[in-house]
Amino acid sequence: MRVGDDAGWTAVWHSRIGLRLAASFGALLLLVVVALILCAHAFQSIGRAEREVQAFERARHAADRASLLMREQYIHQAHTLIVFDDTHLDHYRDVVAVASQAIDELRAALATPEDAALVDELEAHRAANHKTFEELTVPAVLRGDRAEAVRLHEDMEKSVVAFSRTVRQLHDRNDARATEARVEMERAWSRAQMAALACLAAALVLGAVMAYLLTRTVVARVAVLRAGAERIGAGDLEHRIRLDARDELGELARAFDTMAEALARREEELVRAQRLASMGQVAAGIAHELNNPLGVILGYVKLLRRRGEWDDDALGVIEQEATLASETVAAMLDLARPLSLKLAEVDLGAILRESVERLSQVERVQGVDVKVVSTAPVIAWADEARLRQVVANLLTNAAEAAAPSGHVEASVHTTGDEVELTVDDDGAGFPEADRRKVTEPFFTTKSHGAGLGLSIVRTLVDAHQGDLGFERSPLGGARVWVRLPAHAASRERLE
Ligand code: ADP
């Protein structure tokens, strides 16, 4: 961009807030500098005028002193004429020397050639007076010529009068110039005041203009930016600030808009990924849960094939397990949605016994000794299908932990308004470091595990407003207990 290029400078001016601020503050600074220069100049004039006034006053005093001594010189002359002898001459001569010195001092106190001419005039009058006295009057007195002395006295008196007139002229000149200097001093004061006031007014106007421009171009836009950023921050990723400005704030607004676009894209991707992940989670859960009934069904089919005949009980179990499998699919789908429980009186003991029996058909845990310790009915207020899921999951985990030839003991009993199911095994027990994680979805230490069994148990127990706990078992492995509302109390707690 060339310096003479007007459009270029305008573009830079509009595109840079910093340039606008620098130019505005520069203008303010310039005003202050101009005010200082004007004031300094005025103070210089005032100082000069003040010095002039002082010099005129010094000259006035010197002129007054010379005039006084001239009078004294004349008084001594008059004294000599009165006593009419030379006894007073020594005093007279002392005064003459001082009077001459006073005129020299007056000359030094004055500067212009006109003043010097007047001082010369004074000296001439004084010298003429002295000469007349010394050279003519004193000899006339010594001769005793009174008539001549009286005539010469008149001449001397005239030179004294002329001296006084010249002193008055000198005074008039000095007074006029002192008055001029004083007037100049006052003018300089008012010039300084005017300059200071003018600069102050200009600074005020400039400040107001700057404040207006800043408010319009910066503060208002910052407010738009803040509002936009707040909307985007609150989650409205479709919002765009669209600030029509070519400066830094415009750049910032465009950066915000780009960020909002990127965030919206990322959110879309995240939602898609989450949807896929939860679909995967549900699918894995379904596969895991279907594994148990399918294992039982397969076990019974093998049994029937070995026997070579149809057995009504075995077919009943196959039917039940197939129903469980279909219910499990529904349950897993339910898990993805909010749970709705079909609550009823359920015998937890019976469910436990049936589940143990079915587990015995699962091939991979067939060497494990699974015992139900208690036999009395224990009634819970629960959703039967969900409860079966809970019991089956806990038994399968315990049997897998105890495999290939360990022991599992399960019991149920009622305590006050709660029923409790306990499953013990003599496996390796829960790893201490991972005890908190075992109910997290997908946590597993098994090569074939999906890590969903205990997370489903946790969800179902929570839905029944029950409790779930993990401990070390007296058998040496893990103990898992579940407490659920018993029949009487559960109506109030769950309905
Ligand atoms: P999965 O059985 O598919 O691994 P679970 O959610 O049922 O998923 O179990 C999660 C983890 O908890 C298991 O991988 C295992 O490490 C641990 N676990 C569960 N039950 C027991 C148990 N009875 N003894 C020892 N560890 C267990």
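Provided above is the structure to which this section pertains.
The present account deals with the structure reproduced in this document. Keep in mind that this is a model prediction, so the values were computed, not measured. (Residues numbered from 1 in each chain as written. Predicted model: local features only at pLDDT ≥ 70, side-chain atom pairs only at ≥ 80, totals over all residues. Heavy atoms only, no water.)

## Structural notes on the overall build of the protein
Point 1. The number of helices and strands found in the protein is 11 helices and 7 strands.
Point 2. Classification of the 495 residues of the protein by burial places 39% in the buried group.
Point 3. Here the analysis covers contacts within the protein between residues at least 6 apart in sequence; of these, 72% occur between residues at least 24 apart.
Point 4. Roughly 27,900 Å² of accessible area belongs to the protein as shown, and the carbon and sulfur atoms make up 58% of that amount. (Helix = DSSP H or I, 4+ residues; strand = E, 2+ residues; numbered from the N terminus. Buried < 20%, exposed > 50% of the residue type's maximum accessible area, 1.4 Å probe, protein only. Contact = heavy atoms within 4.5 Å. Areas by Shrake-Rupley, 256 points an atom, 1.4 Å probe, with all protein chains shown as cover.)

## Description of the sheet that holds strand S6 (residues 467-472)
Point 1. Taken in spatial order, the 5 strands line up as S2-S4-S5-S7-S6 in an open sheet, and their pairing is mixed. Of all strands in the sheet, those with a lone pairing partner are strand S2 (369-372) and S6, marking the two edges. Strand-to-strand twist in this sheet, taken as the mean axis angle between neighbours without regard to direction, amounts to 15 degrees.
Point 2. Note that S6 and strand S7 (residues 478-485) share 6 bridges and pair antiparallel. (Pairing = 2+ DSSP bridges. Axes fitted to C-alpha atoms, helices over the stretch in contact; angles between N-to-C directions.)

## Examining the pattern of salt bridges
Point 1. Taken as a whole and assessed by the stated rule, the structure comprises 25 salt bridges.
Point 2. In this structure, Arg-60 and Asp-175 form a salt bridge, with 2.7 Å as the shortest nitrogen-oxygen distance. With Arg-60 in helix H2 (residues 17-83) and Asp-175 in helix H5 (residues 146-233), this pair connects stretches of sequence that are 115 residues apart.
Point 3. Of the residues examined, Asp-175 reaches a relative accessible area of 30% and is grouped as partly exposed.
Point 4. With a shortest N-O distance of 3.9 Å, Arg-151 and Asp-155 are connected by a salt bridge. A residue pair is termed a helical-turn pair when its members lie 3 or 4 positions apart in one helix, as Arg-151 and Asp-155 do in helix H5 at 4 residues.
Point 5. A relative accessible area of 42% places Arg-151 in the partly exposed class.
Point 6. On the basis of relative accessibility, which here comes to 32%, the residue Asp-155 falls in the partly exposed class. (Salt bridge = Lys/Arg side-chain N within 4 Å of Asp/Glu carboxyl O.)

## Quick notes on the site of the ligand
Point 1. Around the ligand lies a shell of 19 residues, among which Asn-397, Thr-444, Thr-445, Lys-446 and Leu-454 are the nearest.
Point 2. With respect to the ligand, the side chain of Thr-445 contributes an N or O atom lying 2.4 Å from an oxygen atom.
Point 3. A total of 530 Å² of accessible area belongs to the ligand in isolation, and the protein chains cover 95% of it.
Point 4. Only helix H9 (384-402) and helix H10 (453-463) provide two or more residues apiece to the shell around the ligand.
Point 5. Classifying every residue of the shell around the ligand by side-chain character gives 9 nonpolar, 8 polar and 2 charged. (Near = heavy atom within 4 Å. Polar contact = N/O pair within 3.5 Å; in protein donor to acceptor, adjacent residues only side chain to side chain. Nonpolar A, V, L, I, M, F, W, Y, C, P; charged D, E, K, R; others polar.)

## Description of the side chain of Arg-358
Point 1. Looking at the secondary structure, you find Arg-358 in helix H8 (residues 348-359).
Point 2. Residue classification places Arg-358 among the buried residues on the basis of a relative accessible area of 10%.
Point 3. In this structure, Arg-358 is in contact with Val-296, Val-317, Gln-320, Glu-321 and Arg-388, ignoring residues within four places of it in sequence.

## Focus on unusual backbone geometry
Point 1. Omega for the peptide link from Ala-403 to Pro-404 comes to 15 degrees, which places this bond in the cis form.
Point 2. With a phi angle near 45 degrees, Arg-242 is a residue other than glycine that sits in the positive phi range.
Point 3. Position of Arg-242 among the secondary structure elements: in the loop between H5 and helix H6 (248-307).
Point 4. Phi angles above zero are rare outside glycine, and Gln-465 is one such case at about 60 degrees.
Point 5. Relative to the assigned elements, Gln-465 resides in the loop between H10 and S6.

## Examining helix H4 (residues 113-143)
Point 1. Counted at 1.5 Å a residue, the expected span for H4 with its 31 residues is 45 Å, and the 44 Å between its end C-alpha atoms agrees.
Point 2. Largest kink in H4: about 35 degrees, centred on Thr-137, with the proline Pro-139 one to four residues after it. (Expected span 1.5 Å × (residues − 1). Bend = angle between axes of the 7 residues up to and from the residue.)

## Remarks on the packing of aromatic side chains
Point 1. Evaluation of the coordinates by the stated rule reveals 3 aromatic pairs.
Point 2. A centroid spacing of 4.5 Å and a plane angle of 55 degrees characterise the contact between Tyr-92 and Phe-133, whose relative ring orientation is tilted. Taken together, the residues span a long stretch of sequence, with Tyr-92 in helix H3 (residues 89-109) and Phe-133 in helix H4 at a distance of 41 residues. Here Tyr-92 and Phe-133 have matching classes, each one buried.
Point 3. Seen in terms of ring centroids, Phe-430 and Phe-470 are 5.0 Å apart; in terms of plane orientation they differ by 80 degrees. Their pairing is edge-to-face. Here Phe-430 is found in the loop between strand S5 (418-425) and H10, whereas its partner Phe-470 is found in strand S6, with 40 residues between them in sequence.
Point 4. Residue classification places Phe-470 among the buried residues on the basis of a relative accessible area of 15%.
Point 5. Positioned over the ring face of Phe-84 is Arg-146, at 4.1 Å from the centre of the ring.
Point 6. Lying over the aromatic face of Trp-481, Arg-483 brings its terminal NZ or CZ to 3.7 Å of the ring centre. (Phe/Tyr/Trp six-rings, centres within 6.5 Å; stacked < 30°, edge-to-face > 60°. Lys NZ or Arg CZ within 6 Å of the ring centre and 35° of its normal.)

## Points about the state of the cysteines
Point 1. Under the definition given, this model contains 0 disulfides.
Point 2. Here Cys-39 stays free of any disulfide, with the sulfur of Cys-199 as its closest cysteine sulfur at 7.3 Å.
Point 3. For Cys-199, a relative accessible area of 11% puts it in the buried group. (Disulfide = S-S within 2.5 Å.)

## Looking at a nonpolar patch on the surface
Point 1. A cluster of nonpolar residues, Val-205, Val-209, Tyr-212 and Leu-213, forms a patch on the protein surface that exposes about 370 Å² of accessible area.
Point 2. Within the fold, Val-205 resides in helix H5.
Point 3. Assessed through its relative accessible area of 53%, Val-205 is described here as exposed. (Patch = residues over 30% accessible without salt bridge, like charges linked within 9 Å, V, L, I, M, F, W, Y side chains within 5 Å.)

## Here we look at the environment of Leu-468
Point 1. When you line up the elements, Leu-468 lands in strand S6.
Point 2. Take Leu-468: its relative accessible area is 10%, and that puts it in the buried class.
Point 3. Along the sequence, Leu-468 and Arg-458 sit 10 residues apart, while their C-alpha atoms lie 6.9 Å from each other.

## Description of the pairing of strand S3 (residues 379-383)
Point 1. Across the 5 residues that make up S3, a large majority, 4, are buried.
Point 2. Here strand S1 (residues 343-347) pairs with S3 via 5 bridges, running antiparallel. The residue of S3 that forms the bridge with Asp-347 is Ile-379.

## Let's talk about the packing of H8 against H9
Point 1. One can describe the packing of H8 onto H9 by two numbers: an axis separation of 9 Å at closest approach and a directional angle of 45 degrees. Here H8 lies oblique to H9, going by the angle between them. Where H8 crosses over H9, the handedness of that crossing is right-handed. Contacts between H8 and H9 pair Leu-348, Ile-351, Leu-352, Glu-354, Ser-355, Val-356, Arg-358 and Leu-359 from the former with Glu-384, Leu-387, Arg-388, Val-391, Leu-395, Thr-396 and Ala-399 from the latter.
Point 2. Residue composition of the contact of H8 with H9, by class: 9 nonpolar, 2 polar and 4 charged. (Parallel < 35°, antiparallel > 145°, perpendicular 65-115°, else oblique. Left-handed = near helix turned anticlockwise from the far one by under 90°.)

Note that every value here comes from positions in space, so none of it alone points to a role or purpose.
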